[in-house]
Amino acid sequence: MLLVPCPICGPRAEIEFEYGGACEPSTLDKPWARANIKGEQKEFWWHRFGCGQWFTCVRDTRTHEFCGQSRLISAQESEHSKE
Ligand SMILES: [Zn+2]
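1. As for the environment of Lys38
- As for its placement among the helices and strands, Lys38 is situated in the loop between strand E3 (18-22) and strand E4 (40-46).
- Accessibility expressed as a C-beta count within 10 Å gives 9 for Lys38, which makes it exposed.
- In this structure the C-alpha to C-alpha distance between Lys38 and Thr63, which are 25 residues apart in sequence, comes to 9.7 Å.
- The contact partners of Lys38, leaving out residues within four places of it in the chain, are Thr61 and Arg62.

2. Topic: the sheet that holds E3
- Taken together, four strands build an open sheet; the order of strands is E3-E4-E5-E6 and the sheet is antiparallel. Whereas interior strands pair on both sides, the edge strands pair on one side only; in this sheet they are E3 and strand E6 (66-72). In this sheet, adjacent strand axes meet at a mean angle of 30° when their direction is disregarded.
- Here strand E5 (residues 54-60) runs beside E6; their pairing, made up of four bridges, is antiparallel. From the neighbouring strand, Phe55 faces E6, where its bridge partner is Leu72.

Rules of the game
- Residues numbered from 1 in each chain as written.
- Predicted model: local features only at pLDDT ≥ 70, side-chain atom pairs only at ≥ 80, totals over all residues.
- Helix = DSSP H or I, 4+ residues; strand = E, 2+ residues; numbered from the N terminus.
- Buried ≥ 20, exposed ≤ 12 C-beta atoms within 10 Å, placed from the backbone.
- Contact = placed C-beta atoms within 7 Å.
- Pairing = 2+ DSSP bridges.
- Axes fitted to C-alpha atoms, helices over the stretch in contact; angles between N-to-C directions.

Fair warning: the whole summary comes from geometry, so function is off the table for now.
Below is the structure:
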């Protein structure tokens, strides 16, 4: 099972989360323009059935492993990720 690293709760099962898409500031208003990256990709995640916070983290799309530190995002960024 994939463990998603919430910055508040720590690693939790993927089923507690909602995937918010790739995090590319230049394409926030154009989701269709996002590249389908093979490798490390910064992504939005929402801890829907946990603390309720949106955050970003880097995931390797080949292995699905999370790498690096997850980070809480601002309300403005979170509005974009919900579109
Ligand atoms: Zn959480």
